Amino acid sequence: MRVYDHKKFWTAVWGKKDYPCRIASFIRKYDLQKAIGTNVLIIGCGHKPTSTELIREHRIILTDISEKVCELCTSPNVTTIECDLILFATRPPPLYAQALAAVGGSLDTIVASNVINYLPWKDVFRSINQDLKNGGLFFLEYEIDRGFKAAFHRSRPLNYNSVIAFFEDTVRHKIIEINKREKESMVLVSKKDQN
């Protein structure tokens, strides 16, 4: 259970626009290679939605806790869902199930940028991974304890190796690329194992 007025909190947070987004260049690169596919889920889209980095035509499902953020993400090919991402840990909201059905019931790509510290991340990622096609890509941007500590989830990862091990061992992804610069976030790109 959230211990603060999460909607007001996140609307105020994203109004400050103080999160750099390294994942954008990776999304553009893979999109130019036509590796992203058609159906894309973006969780926690932020003040500059990563969907704006997509070059080719896609059907996009954007989820964010902030009403203000969802208002920024309007386009005919975009479905926005205003919800607390914690819901994905147990039972995704009905609007997500409807949006997923509208794009054929499965995802080609998932993007999660700077949300992992705020979620029961293993449960959320395991849940949405079920909707990812075999061979689908998962883009993750993450930095240990970066963000707004008042909103951190108790289960946030405290090291990069635990995140990598989760993708390789728990949800059976092949790591395609890891980019970690000193004093910057890690960007991880993985592919769901087809076996």
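## A few points about helix 5 (residues 121–129)
Where helix 5 is concerned, the buried positions are W121, V124, F125, S127, I128 and N129. Turning to helix 5, the residues buried within the fold contact strand 1 (39–43), strand 4 (107–113), strand 5 (132–142), helix 6 (160–170), strand 6 (173–180) and strand 7 (186–192).

## Things to note about helix 4 (residues 94–102)
Listed as buried for helix 4 are Y96, A99 and L100. For helix 4, the angular spread of buried residues about the axis comes to 100°, placing them on one side. Across from the buried face of helix 4, at angles greater than 90 degrees, the exposed residues are P94, L95, Q98, A101 and A102. Against the buried residues of helix 4 lie strand 1, strand 2 (59–64), strand 3 (78–82) and strand 4.

## Side note on the environment of D145
Counting through the fold element by element, D145 comes out in the loop between strand 5 and helix 6. By relative accessible area, which is 27% here, D145 ends up partly exposed. When the C-alpha atoms of D145 and L158 are compared, they prove to be 7.5 Å apart, with 13 residues separating the residues in sequence. Other than its neighbours up to four places away in sequence, D145 contacts N117, F152, R156 and L158.

## Quick word on the packing of aromatic side chains
With the rule as written, the count across this model stands at 10 aromatic pairs. With 6.2 Å between their ring centres and 75° between their planes, W121 and F125 make a pair best called edge-to-face. One end of the pair is W121 and the other is F125, both in helix 5 and four residues apart, which spans about a single turn. The same class applies to W121 and to F125, which are both buried. A centroid spacing of 4.9 Å and a plane angle of 70° characterise the contact between F138 and F167, whose relative ring orientation is edge-to-face. You can see F138 sitting in strand 5 and its partner F167 sitting in helix 6, a full 29 residues away along the chain.

## Things to note about the sheet that holds strand 7
Sheet architecture is open: seven strands sit in the order 3-2-1-4-5-7-6, paired in mixed fashion. A single partner strand is all that each edge strand has here, and the edge strands are strand 3 and strand 6. Recorded for the sheet is a direction-independent mean angle of 15° between the axes of neighbouring strands. In this structure, strand 4 lies alongside strand 5, joined through six bridges in parallel fashion. Among the inter-strand pairings, V111 is bridged to a residue of strand 5, identified as F139. The sheet strands contacting helix 2 (residues 23–32) are strand 4, strand 5, strand 6 and strand 7, and the helix crosses strand 5 at an angle near 155°. The strands that helix 5 touches are strand 1, strand 4, strand 5, strand 6 and strand 7; relative to strand 5, the one it contacts most, it runs at about 150°.

Thresholds applied
Residues numbered from 1 in each chain as written. Predicted model: local features only at pLDDT ≥ 70, side-chain atom pairs only at ≥ 80, totals over all residues. Heavy atoms only, no water. Buried < 20%, exposed > 50% of the residue type's maximum accessible area, 1.4 Å probe, protein only. Helix = DSSP H or I, 4+ residues; strand = E, 2+ residues; numbered from the N terminus. Contact = heavy atoms within 4.5 Å. Arc of directions from axis to C-beta. Phe/Tyr/Trp six-rings, centres within 6.5 Å; stacked < 30°, edge-to-face > 60°. Pairing = 2+ DSSP bridges. Axes fitted to C-alpha atoms, helices over the stretch in contact; angles between N-to-C directions.

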